Every structure is written in structure tokens, then in C-alpha cells.
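Spelled out, the chains give:
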Amino acid sequence: MTGTTPRRRPSKAVYRRRRLVLIVGLLVLAGIVWLLIAQPWAGAATTSSDVDKPQTQNTAEALPVPSSQATTGGTDTGAVEGAVVEGQTPTPGATPTAQPCVASEITVAPVTSADTFAGDQNPQFSITLTNNGPDCTMNVGTSAQSFTVTSGDDIWWRSTDCQSEPSDMIVLISAGQTVSSAAPLTWDRTRSAVGTCADGNRPMAPGGGASYHLSVEIGGIASTEPKQFLLY
């Protein structure tokens, strides 16, 4: 009777190789399942397309108010109280949805809180801006604004002489839209000059019915006509 040759058991090295192949196979399978479920490429594609999309420019609702130290003792006369755009400040680098405004299509006008002011009243100034053309973008920030008070040829006060922390703000102004200052800027009836902003003894503007004129500028566009007012 012929005897059968006993079957040789695989060596430990063979077991190790088989175990390694099994582990690698399981890792590859797990990776394939994760790719199918997570689809990381989908997020990357979305991000790429978002970069190519133009961002919507925020629409102006009100003009910011310059912060000035043009009052006796250096007190701020203006504060950025009103929101200039919907939500928040426009995102830096946002792609405009319209071309820059054309000066000939923009009307800028000065506004005073009254036509006459008694001796104990300080004039308050604002700007109105009207877009007579198509939608356009414009810098309406405090760095682009100026208020000037004159009496004859004498310049009595400039908002830029003592302005603090001016900033840019480019917004979309819709066709036919009129935008005004979020809050008025107060003049303390003193003469302004760079270097005298904190002085408490600056010359006071004469009253007694004296005539003054307010001119404004925003975004490089000046008001066409000054606004007259009287001080008593």
C-alpha cells in the first residue's frame, strides 16, 4: 500500500506575505469607498468655479460721515453711524458689477440743516449724490469727501484739515438712485487749519447775519452750486 506524502504546511514567511497582501487589499478597498462617498473633487471644482464668478458689488444706502477734530478741544464732530452698504463693508478685491461712474452723469449737492443759524446753533452739513446715468461704481468713502465753508474768497473751514482715519469705500450706485449722508457733520463755527485741530482758542466765524457758502466734493466730483447760509 502506497503511502501518501504528507502535505507541507506553508512557512511563516508565506503567511506573512499573504497577511500583508490582505491588509493592502483592505486598505485599497477602504480608500475606494471613501472616494466614492466623500467625493473630494466635487468641493475643489466648486471652489474653482466660485473664483471665476464675479462677486456682486454692494449697493450704497447712505454716505459715510467723516470723522473730524474740527471742534474746540479736539472733539470728534462726525461718526460713521449709518451703514454705508447692505450688511457690511464691501469685500476687498470684489469684482464690480458696473463701470466706474462718469462725472457728467453724477450730481453732487451740499445740504445745510437750516438756512440761518442763531448764535448758539452750530451748522450741520450733508451731501446728496444722484446718479443720472446707468448703474456705476464710485468711491464714497470718507477719504473721497470734503466739505468747505467760505465767506467771499476767504476759506473758513475744511473738513479735511482735521479729518481722522479717512477710508475708501467703493459701492454700486444704481441708475437714478439718490444717496445722502448717513448723519450730518457739525461745524463748530471756528476757522480750521492743519495743526490747530486741538486748539481751544481758534478764531470764531463772525455772526450778525454774515453770509457763508458750503461746497462739497465726493469721489472727485464737486458740487456745481454752493449752498448759502447765514450766521447770527
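First things first, this report covers the structure right here in the doc.

1. Points about the pattern of salt bridges
So, point 1. Taken as a whole and assessed by the stated rule, the structure comprises three salt bridges.
So, point 2. Residues K227 and D115 are paired through a salt bridge, measuring 2.6 Å at the closest nitrogen-oxygen approach. Here K227, found in strand 14 (residues 227-231), pairs with D115, found in the loop between strand 2 (106-112) and strand 3 (116-117); they are 112 residues apart in sequence, far enough to count as distant.
So, point 3. Residue D115 is classed as partly exposed on the basis of its relative accessible area, which comes to 49%.
So, point 4. Between R191 and D154 there is a salt bridge, with the nearest N and O atoms lying 2.9 Å from each other. You can see R191 sitting in the loop between strand 11 (185-186) and strand 12 (210-218) and its partner D154 sitting in strand 7 (residues 154-158), a full 37 residues away along the chain.

2. A short note on the packing of aromatic side chains
So, point 1. If you walk through the whole model with that rule in mind, you get eight aromatic pairs.
So, point 2. Between the aromatic rings of F125 and F229, the centroid separation amounts to 5.7 Å while the plane-to-plane angle is 50°, which identifies the pairing as tilted. Highlighted residues: F125 in strand 4 (residues 124-131) and F229 in strand 14, separated in sequence by 104 residues. Comparing F125 with F229 shows no difference in burial state: the two are buried.

3. Let's talk about the environment of V194
So, point 1. With respect to the helices and strands, the residue V194 is situated in the loop between strand 11 and strand 12.
So, point 2. For V194 and T160, which are 34 residues apart along the polypeptide, the C-alpha to C-alpha distance reads 8.7 Å.

Parameters and conventions
- Residues numbered from 1 in each chain as written.
- Predicted model: local features only at pLDDT ≥ 70, side-chain atom pairs only at ≥ 80, totals over all residues.
- Heavy atoms only, no water.
- Salt bridge = Lys/Arg side-chain N within 4 Å of Asp/Glu carboxyl O.
- Helix = DSSP H or I, 4+ residues; strand = E, 2+ residues; numbered from the N terminus.
- Buried < 20%, exposed > 50% of the residue type's maximum accessible area, 1.4 Å probe, protein only.
- Phe/Tyr/Trp six-rings, centres within 6.5 Å; stacked < 30°, edge-to-face > 60°.

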